[in-house]
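Residues per chain are reported as follows:
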Amino acid sequence: MSGRVLQMSGPAVVCGLCSSSDVHDLYQIKGWQLKKCHTCEAVFVFPLPDCEELIRDYQDNYFSSGDHLEWGYEDYFSLEDEIRETARRRLRLMQPYIRGGKLLEAGAATGWFLDEARTRGFEVRGVEVSETAAKWGEGSLKVPIFKGTLREAKLADDEFDVVVLWDVLEHLTEPLTELREIHRVLKKGGYLFVSVPDFGSVWARLMGRRWFGFTKIREHVYYYNRRSLSRAMGRAGLKVVNAQSSPFLVNLDFLVSKLAQYSKPAAGALSKLLGWLHLRDRKINLRTVDLFMAARKEV
Ligand SMILES: [Zn+2]
């Protein structure tokens with residue numbers, strides 16, 4: 001109820017996915033206010049951080065931030081095996097819908113997914129705001145990656161058979177605008193494949209404000225479940241054809257390092273134990289963390 005009262009006295013807050021003003025306070029985390037839309041169930045940071053500022057922060061240190069509990073990745077390059085295996089599994093999920101053609105990845109990072117897609121016959125292009133990551137992909141893998149935002153890339157209408165957005169939508173302050181831009185560049189009958197942290201997962205429901213999905217608040221500004229993401233897709237002219245858990249491969253060392261946000265001593269002890277058992281590199285698939293969605297451009 002307090003959210004309702006606060007909202008009546010302050011400026012109207014409108015959900016960026018469905019435009020409803022039936023929006024209430026959810027949690028305060030690390031000084032950020034999270035709001036929840038009761039119409040589509042989207043959760044978002046309010047006020048949203050400045051987009052230009054975020055893009056500046058995605059430069060140099062994002063992929064080697066040294067502190068993954070606050071921002072970016074401690075060392076993204078050490079995760080190549082897991083990221084490529086996740087890419088191969090996502091490509092298998094895409095197979096029933098599309099097996100070739102022109103593929104665009106928005107938020108391509110270092111281009112490992114593009115590299116895997118290319119070996120399966122896709123003609124690939126990427127867009128990436130981090131200049132360091134894009135340059136690395138272009139230089140080392142020879143995959144074409146535009147440095148900037150999707151809109152800055154000024155792509156032609158109806159150009160792509162498939163667009164993928166892996167763990168990107170949660171970072172965007174204007175996700176609906178991005179989905180509409182993707183609809184514009186997709187051919188009629190083309191597909192969009194998305195993964196996002198799943199706010200509808202059993203983890204999010206059980207853990208509430210302590211859900212690990214909130215660790216990257218500010219970097220992650222929108223939190224989705226099946227309902228809110230489907231609705232946003234629909235508003236952008238995309239028809240959802242599949243929603244399920246996304247493959248998400250991690251090694252045990254990475255997983256244990258994430259536990260440090262709950263208990264540093266426990267994470268330290270577990271890390272030592274994994275070392276003794278030679279299990280630090282063991283990969284596991286966290287099936288219940290990310291949501292995978294496939295959608296088709298109908299008109
Ligand atoms: Zn909404």
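Throughout what follows, the structure given in this document is the object of discussion. (Residues numbered from 1 in each chain as written. Predicted model: local features only at pLDDT ≥ 70, side-chain atom pairs only at ≥ 80, totals over all residues. Heavy atoms only, no water.)

Sheets are built from strands paired through backbone hydrogen bonds, the pairs being either parallel or antiparallel. Pairing within the open sheet is antiparallel, and its four strands lie in the order E1-E2-E3-E9. The open sheet has two free edges, formed respectively by strand E1 (23-29) and strand E9 (222-223), since each of these has just one partner strand. (Pairing = 2+ DSSP bridges. Helix = DSSP H or I, 4+ residues; strand = E, 2+ residues; numbered from the N terminus.)

On to the coordination of the zinc ion. Donor atoms from the polypeptide that coordinate the zinc ion comprise Cys-15 (SG), Cys-18 (SG), Cys-37 (SG) and Cys-40 (SG), at 2.3 to 2.4 Å from the metal. Counting gaps between the donor residues of the zinc ion yields the pattern C-x2-C-x18-C-x2-C. Among the residues examined, Cys-37 registers a relative accessible area of 0% and is labelled buried. On the accessibility criterion, Cys-40 (0% relative accessible area) is buried. (Donors = N, O, S within 2.8 Å, 3.2 Å for Na, K, Ca; no water. Buried < 20%, exposed > 50% of the residue type's maximum accessible area, 1.4 Å probe, protein only.)

Here we take up the environment of Arg-287. One can find Arg-287 in the loop between strand E12 (283-285) and strand E13 (290-297). On the basis of relative accessibility, which here comes to 55%, the residue Arg-287 falls in the exposed class. Note: C-alpha distance between Arg-287 and Phe-248 (39 residues apart in sequence) is 6.3 Å. In contact with Arg-287, other than residues within four places in its own chain, are Ser-245 and Ser-246. (Contact = heavy atoms within 4.5 Å.)

Moving on, we get to unusual backbone geometry. Look at the link from Phe-46 to Pro-47: it is a cis peptide, with omega at -5°. Tracing the backbone through its elements, the reader meets Pro-47 in the loop between strand E3 (43-46) and helix H2 (51-57). Here the phi dihedral of Glu-41 falls at roughly 75°; this positive angle occurs in a residue that is not glycine. With respect to the element layout, Glu-41 can be found in the loop between strand E2 (32-37) and E3.

The subject of this paragraph is the pattern of salt bridges. If the charged atoms of two oppositely charged side chains come close together, the side chains can form a pair. Taken as a whole, this structure holds 23 salt bridges when the rule is applied. Across the pair Arg-118 and Asp-115 runs a salt bridge whose closest N-O atoms are separated by 2.8 Å. With Arg-118 and Asp-115 both in helix H4 (residues 112-119), this residue pair falls three residues apart, about one helical turn. Relative accessible area serves as the criterion here: at 31%, Arg-118 is assigned to the partly exposed category. (Salt bridge = Lys/Arg side-chain N within 4 Å of Asp/Glu carboxyl O.)

Turning our attention to a negative patch on the surface. On the surface, Asp-50, Glu-52, Glu-53 and Glu-152 cluster together into a negatively charged patch. When you line up the elements, Asp-50 lands in the loop between E3 and H2. (Patch = residues over 30% accessible without salt bridge, like charges linked within 9 Å, V, L, I, M, F, W, Y side chains within 5 Å. Areas by Shrake-Rupley, 256 points an atom, 1.4 Å probe, with all protein chains shown as cover. Lys, Arg positive; Asp, Glu negative; His and termini not counted. Charge placed at Lys NZ, Arg CZ, Asp CG, Glu CD.)

Moving on, we get to the side chain of Glu-116. Tracing the backbone shows Glu-116 in helix H4. Of the residues examined, Glu-116 reaches a relative accessible area of 8% and is grouped as buried. Aside from chain neighbours lying at most four places away, what touches Glu-116 is Arg-84, Ala-87, Arg-88 and Leu-91.

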